[in-house]
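Understanding the architecture of this molecule
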Amino acid sequence: MGGVAKATTRHRCLDCGATTVRWVGRCPSCGEWNSLVAESALDPLVQAVDALDLASPVPLASVDPLAAAAVPTGVAEFDRVLSGGLVPGSVTLLGGEPGIGKSTLLLQVLRSRAAGGGRVLLVSAEESAHQVRLRAERLGPVPPSLLVLAATELEAVAAALATAEPVLVVVDSVQAVSAGSAAEAGAPGGPPGTVGQVRAVADRLVSLAKRQGVSVVLVGHVTKDGGLAGPRTLEHLVDTVLAFEGDRHHSLRLLRAVKHRFGPTGELGLFEMGDQGLAAVANPGRLLLGDRLTGVPGGIVLPAVEGRRTLVVELQALVTPMAQAQPKRSVVGLDGGRLAMVLAVLARHSGLPTVAVDVFASVAGGVRVLEPAADLALALAVASAVAGVPLPADAAAVGEVGLAGEVRQVTALVRRLEECARLGFRRIVVPRSAPAGPEGVELVRVDTVGDALTAFGLSGTGHGEPDGPGPCPGAGSRPGTIAP
Ligand code: TYD
Ligand code: MG
């Protein structure tokens, strides 16, 4: 019976991508009704192509390593994140929130690559060719070898690839392309953008990229929770996953490689969105610290590290009387768990009352600093806010805080100190074991958070320390003790 055959076919949820061994009315993973489709019906194009691609094994030594060499696009920050450029035959997924600048970035990449020689193709599935032309107008001259195809059908994309033979194709966006209309036999069901459609489109493009040796970049919009909607399931299909981030209300944009088969993922690309598109940011300090207000309690500077870049950012804390029955903790660009830990350490080891107050902490400029190296600066910012005592304008702090209140070593400390010094920060609070600092910089070496508070006259209210000696043994004799 048909029902029996159906019962043994793998099905995939068009909403969340989960698979089941048989059809069920409701997805056991996401709870959506009627969202399961037989996998055999999902990727017929892929299965056909995969069958053709079956090759015989070859000696690994006979494989040309240079065949996978990256080709620079000419957009330096983009190439930096990709450790050189785009590899022919590779597929890259660029994820980011709507409006962050994905289309702008890729149009600049296409322009640059075309200007450097080679035909490139933009498949614009969201905007008309006219709209693309208008955008390109803002970015500068348009090279004749930049082709545009305004289409939403996968078949049209495949045909254009075959006839135009570009070296680089951008598909903007993968969610707006559909793999055949629902009326066609075997086409995945649902409108474009569902997991089934997105996967079918990406699968086909991966096959075409490999076969034609063309670099493919897919644009994917992300949802609020940070995951790629639909494209989430593409992350293991593609060679490289890039995340384009930033705060839409700020001009700074950060490009990161989340996954990269051809190089390391630690690199960070920095752009500034302006009237003529995205420009490389050589000196992020100007953007990140430009509007800083000094002499206000709760602010301190922190040298954060991302890949090989050091970003000196301002960390701010605000402490207000509790507005509701529960104390509120709110973070922007920081790890909420680390804030809770720092508050607990401050309360337990430094007697700083934070239990009955609302605490807000943020990193200015739309940057995210999730590393533990931010702990010490966070503790100082909160303590400064609680005491209502501003920290010196030229002070910075870096160090991880342990649960016993100890301040620990962090990675790349020398580089962090050098960048602070370059930007004019002269007093840097560091773990005791820190190496010597750059010339002209005073290192305030601390063993504990309590030491750091004492150094800035921010010690607790005196009713802390339930167990044991004072928070800052010998703090009075510390070098670098600074009056507020
Ligand atoms: P866009 O690249 O369309 O974002 P995405 O493709 O990620 O949705 O960028 C949209 C924003 O960028 C839009 O608000 C306008 C702004 N923008 C500039 O500020 N300067 C420019 O030169 C361009 C082209 C766009
Ligand atoms: Mg766009």
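Residues numbered from 1 in each chain as written. Chains lettered and ligands numbered in written order. Predicted model: local features only at pLDDT ≥ 70, side-chain atom pairs only at ≥ 80, totals over all residues. Heavy atoms only, no water.

1. Thoughts on the sheet that holds strand β1 (residues 11-13)
- Spatially, three strands are ordered β2-β1-β3 in an open sheet, and the strand pairing comes out antiparallel. Because the sheet does not close on itself, it has two edges, and the strands there are β2 (19-20) and β3 (36-38).
- When β1 meets β3, the two strands line up antiparallel, connected through three bridges. Bridged to Arg12 within β3 is Val37. (Pairing = 2+ DSSP bridges. Helix = DSSP H or I, 4+ residues; strand = E, 2+ residues; numbered from the N terminus.)

2. Structural notes on the pattern of salt bridges
- Per the stated rule, a full pass over the model turns up 20 salt bridges.
- The shortest N-O distance in the salt bridge between Glu245 and Arg256 comes to 2.1 Å. With a gap of eleven residues between them, Glu245 in strand β9 (residues 240-246) and Arg256 in strand β10 (residues 252-260) connect regions that are remote in the sequence.
- The class of Glu245 is partly exposed, set by a relative accessible area of 22%.
- Its relative accessible area of 13% is what places Arg256 among the buried residues.
- Beyond isolated ion pairs, a larger network of salt bridges with shared partners links Glu77, Arg80, Glu267, Arg308 and Arg309. (Salt bridge = Lys/Arg side-chain N within 4 Å of Asp/Glu carboxyl O. Buried < 20%, exposed > 50% of the residue type's maximum accessible area, 1.4 Å probe, protein only.)

3. Things to note about the nonpolar core
- In terms of nonpolar packing, the biggest core is built from 70 residues, with Leu315, Leu376, Leu380 and Val429 touching the most fellow members.
- Among the elements that take part in this core, helix α11 (residues 375-387) stands out by supplying nine residues, more than any other.
- Two domains each donate at least three residues to this core, and these are domain 2 (70-281) and domain 3 (286-466).
- Residues contacting Leu380, with those up to four places away along its chain left out, are Ile300, Leu391, Ala397, Val429, Ala452, Leu453, Phe456 and Leu458.
- Val123, Val171, Ala179 and Leu237 belong to the second-largest nonpolar core, a separate cluster that totals 31 residues. (Core = buried A, V, L, I, M, F, W, Y, C linked by side-chain atoms within 4.5 Å. Domains from an automatic or database assignment. Contact = heavy atoms within 4.5 Å.)

4. Considering the sheet that holds β10
- With mixed pairing, the nine strands of this open sheet are ordered in space as β6-β5-β7-β8-β4-β9-β10-β11-β12. Looking along the sheet, the strands with just one partner apiece sit at the ends: β6 (146-149) and β12 (277-280). Each strand axis lies, on average, 25° off the axis of its neighbour in the sheet, ignoring direction.
- When strand β5 (residues 120-124) meets β6, the two strands line up parallel, connected through four bridges. Residue pairing in the sheet places Leu121 in a bridge with Leu147 of β6.
- Contacting β5, β6 and β7 (168-172), helix α7 (residues 154-164) crosses the sheet at an angle of about 155° to β6. (Axes fitted to C-alpha atoms, helices over the stretch in contact; angles between N-to-C directions.)

5. Focus on the site of ligand 1
- In the region of ligand 1, 15 residues are neighbours, and Gly99, Ser103, Thr104, Gly274 and Gly277 sit closest.
- In the environment of ligand 1, an oxygen atom lies 3.0 Å from a nitrogen or oxygen atom belonging to the backbone of Gly101.
- Between ligand 1 and Arg138, the relevant distance is 3.2 Å, taken from a nitrogen atom to a side-chain nitrogen or oxygen of the residue.
- Starting from 560 Å² of accessible surface for ligand 1 in isolation, the protein chains cover 75%.
- Elements represented by at least two residues in the shell around ligand 1 include exactly α5 (102-115), α6 (129-139) and β11 (268-274).
- Of all the elements, α5 adds the most residues to the shell around ligand 1, at three residues.
- Residues belonging to the shell around ligand 1 are distributed by class as follows: three nonpolar, seven polar and five charged. (Near = heavy atom within 4 Å. Polar contact = N/O pair within 3.5 Å; in protein donor to acceptor, adjacent residues only side chain to side chain. Areas by Shrake-Rupley, 256 points an atom, 1.4 Å probe, with all protein chains shown as cover. Nonpolar A, V, L, I, M, F, W, Y, C, P; charged D, E, K, R; others polar.)

6. Here we look at the environment of Val386
- Positionally, Val386 belongs in helix α11.
- By relative accessible area, which is 29% here, Val386 ends up partly exposed.
- Sequence spacing of Val386 and Pro353 is 33 residues, and the spatial spacing of their C-alpha atoms is 8.0 Å.
- Setting aside residues no more than four positions away along its own chain, Val386 makes contact with Val319, Leu352, Pro353 and Thr354.

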